[in-house]
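Letter by letter, the chains look like this.
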Amino acid sequence: MLLRLLFLFCLFAVSACSNGDPEAEVICLLETCGGDDDDGDDDDGDGGDNEDDDEPSTITISATDDSIGQLIGNIDDANYNPAFQIFTISAPGLDAQLNRFFTADYNGILAMRDPTETHNAYLGQGIGTRVVVYSGGLAGNVQRLAAFGRTSAAALPLTGSAEFNGDYVGFTPTRRVNGRASLDVDFAAATISGSITNRVLRLKPDNTLDAVNPLSTLDLGSATISNAGRFSGATTGGEIVNGQIVWNPATGSFAGLIGGATGNEAVGTVSVDHTDTTGGSFQETGGFLATR
């Protein structure tokens, strides 16, 4: 009986609201009749539509992406067989087979050369990236080449920042170059910069340190990281500072990518032109592999 009376009362109030009865309007405004809330909240109490949905935190490079397994640079292909310790490399005008040269290994980066010492190379292999640097060839076809690439899928962070540290290797016409790579990556701003420090020259045949020609720090200027994790920029510094010949500030460029399963590796190549005040010059070609 009570429910029936309440129902009849609500019908009366609704009817009165439609007829402009002031007293009934007050009742309606007080929501005696169970009208909809007017505070903008949804019935489920979740506060309405959430316009601040979470943004993606990573960009995924799948294992089937065309870039996986490819080299970016001027080397077409390079493969290492650890069982036989044989390294093959191909590029325009180059098709060579090299063996391991343990004496010139630099930390985790492997050195290669052929029995005649015509061809020399470095191979840096991460979990999901690699970098290859080559120097050599016969008279009239001497080349210094470098390339980098991904070897597996990657998830590139879009938030936060990180410091990557690793190794640098390279070649000049007569020397090897070793150093330490340090990169500062701002994933949120999509920028990268860094430097290559502790740079030293070593003789190619036996990897003996060239203490006469120390090298200065090579700076990698700020560069933008693309949605594919690629970057490129300009270098400054890095010249010889032996006090005997005055070398001009070196100029050059670098390029690379972020890789690894969680964007935890950075690989790239460097090309630097060295000139002195007397007109002498040489080119340095190198590569780096760093992790966070």
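Everything numeric in this text was worked out from a predicted model, so none of it was measured.

**Q** Looking at this structure, how should I read the pairing of strand β19 (residues 281-291)?
**A** For a regular strand, the rule is simple: side chains alternate between the two faces of the sheet. Most of β19 sits inside the fold, with eight of its eleven residues counted as buried. Where strand β11 (residues 161-171) meets β19, seven bridges bridge the pair, whose relative direction is antiparallel. Along β19, the bridge assignment pairs Asn165 with Thr291. What sits between the antiparallel neighbours strand β18 (residues 265-275) and β19 is a turn of five residues, in which Gly279 has the positive phi angle 105°.

**Q** I'm lost on the sheet that holds strand β6 (residues 110-113) in this one. Help?
**A** Strand pairing in a sheet relies on backbone hydrogen bonds. The paired strands run either parallel or antiparallel. Pairing within the open sheet is antiparallel, and its eight strands lie in the order β2-β9-β8-β7-β6-β5-β4-β3. Edge positions in the sheet fall to β2 (72-73) and β3 (77-81), since each of these pairs with one other strand and no more. Two elements, β2 and strand β9 (residues 143-150), share two bridges in a ladder whose sense is antiparallel. Looking at the pairing, Gly73 lines up with Ala147 of β9.

**Q** Please explain the side chain of His274 as it appears in this structure.
**A** In this fold, His274 is placed in strand β18. Residue His274 is classed as buried on the basis of its relative accessible area of 1%. A distance of 2.9 Å separates a polar atom in the side chain of His274 from a polar atom in the side chain of Glu284. Setting aside chain neighbours within four positions, we find His274 in contact with Arg199, Gly238, Glu239, Trp247, Ala250, Gly280, Ser281, Phe282 and Glu284.

**Q** Sorry if this is basic, but what is going on with the pattern of salt bridges here?
**A** Side chains bearing opposite charge may pair, as long as their charged atoms lie close to each other. Following the criterion strictly, the structure yields five salt bridges and no others. The shortest N-O distance in the salt bridge between Arg180 and Asp167 comes to 2.5 Å. With Arg180 in strand β12 (residues 175-186) and Asp167 in strand β11, this pair connects stretches of sequence that are 13 residues apart. Classification of Arg180 as partly exposed rests on a relative accessible area of 31%.

**Q** What is the right way to look at the nonpolar core in this model?
**A** Soluble globular proteins: nonpolar side chains tend toward being buried together. In terms of nonpolar packing, the biggest core is built from 32 residues, with Phe164, Leu183, Ile192, Phe231, Ile258, Val270 and Phe288 touching the most fellow members. Listing elements by their share of this core, those giving two or more residues are β10 (154-157), β11, β12, β13 (191-203), β15 (218-224), β17 (251-259), β18 and β19. Top contributing element to this core by residue count: β12, with four residues. With residues near it in sequence (within four places) discarded, Ile258 still touches Arg150, Leu156, Val185, Phe187, Ile192, Ile225, Gly229, Phe231, Gly263, Glu265 and Ala266. Counting 18 residues, the second-largest nonpolar core is a separate cluster that includes Ile75, Ala121, Val132 and Tyr134.

**Q** How should the packing of aromatic side chains be read in this particular structure?
**A** By the definition in use, this model includes four aromatic pairs. With a centroid separation of 6.3 Å and an interplanar angle of 50°, the aromatic rings of Phe231 and Phe254 are classed as tilted. With Phe231 in strand β16 (residues 230-237) and Phe254 in strand β17, the pair connects residues that are 23 residues apart, well separated along the chain. Summarising the burial analysis for this pair, Phe231 and Phe254 share the class buried. Relative to Phe282, the ring of Trp247 lies with its centre 5.3 Å away and its plane at 75°, an arrangement referred to as edge-to-face. Taken together, the residues Trp247 in the loop between β16 and β17 and Phe282 in strand β19 connect sequence positions 35 residues apart. On the basis of relative accessibility, which here comes to 19%, the residue Phe282 falls in the buried class. Positioned over the ring face of Phe102 is Arg100, at 4.1 Å from the centre of the ring. Arg113 extends its terminal NZ or CZ atom over the ring of Phe101, reaching a point 3.7 Å from the ring centre.

**Q** Explain the pairing of β3 here, please?
**A** What you see with β3 is a clean split: Ala78 and Tyr80 sit on the buried side and Asp77, Asn79 and Asn81 on the side with no burial. Looking at chain direction, β3 and strand β4 (residues 86-91) are connected through five bridges and run antiparallel. The residue bridging Asn79 from the neighbouring strand is Thr88, located in β4.

Quick notes on the rules
One numbering rule holds for all chains: residues counted from 1, following each sequence as written. Residue-level local features of this predicted model are given only where pLDDT is at least 70; pairs of side-chain atoms are given and counted only at 80 or more, and the full residue set underlies all totals for whole chains, interfaces and linings. Heavy atoms from the whole structure form the basis of all side-chain values; hydrogens and water molecules are not counted. Partly exposed describes any residue whose relative accessible area lies between the buried limit of under 20% and the exposed limit of over 50%, with all areas from a 1.4 Å probe on protein chains only and scaled to the type maximum. For the purposes of this entry, the term helix denotes a DSSP run of H or I that reaches at least four residues, the term strand denotes a run of E that reaches at least two, and both are numbered from the N terminus. Two strands form a pair only when DSSP identifies at least two bridges running between them. Under this definition, polar contacts are N or O atom pairs within 3.5 Å; protein pairs additionally need one hydrogen-donor-capable and one acceptor-capable atom, and for neighbouring residues in sequence, both atoms have to be side-chain atoms. Should any heavy atoms of two residues lie within 4.5 Å, those residues are counted as being in contact. Definition used for salt bridges: Asp or Glu carboxyl oxygen within 4 Å of a side-chain nitrogen of Lys or Arg. By nonpolar core is meant a set of buried Ala, Val, Leu, Ile, Met, Phe, Trp, Tyr and Cys residues that side-chain atoms within 4.5 Å join together. When two rings of Phe, Tyr or Trp (its six-membered ring) have centres within 6.5 Å they constitute a pair, described as stacked for plane angles under 30 degrees, edge-to-face for angles over 60, and tilted for the intermediate range. In this scheme, Lys NZ or Arg CZ marks a charge over a ring once it lies within 6 Å of the ring centre and within 35 degrees of the ring normal.

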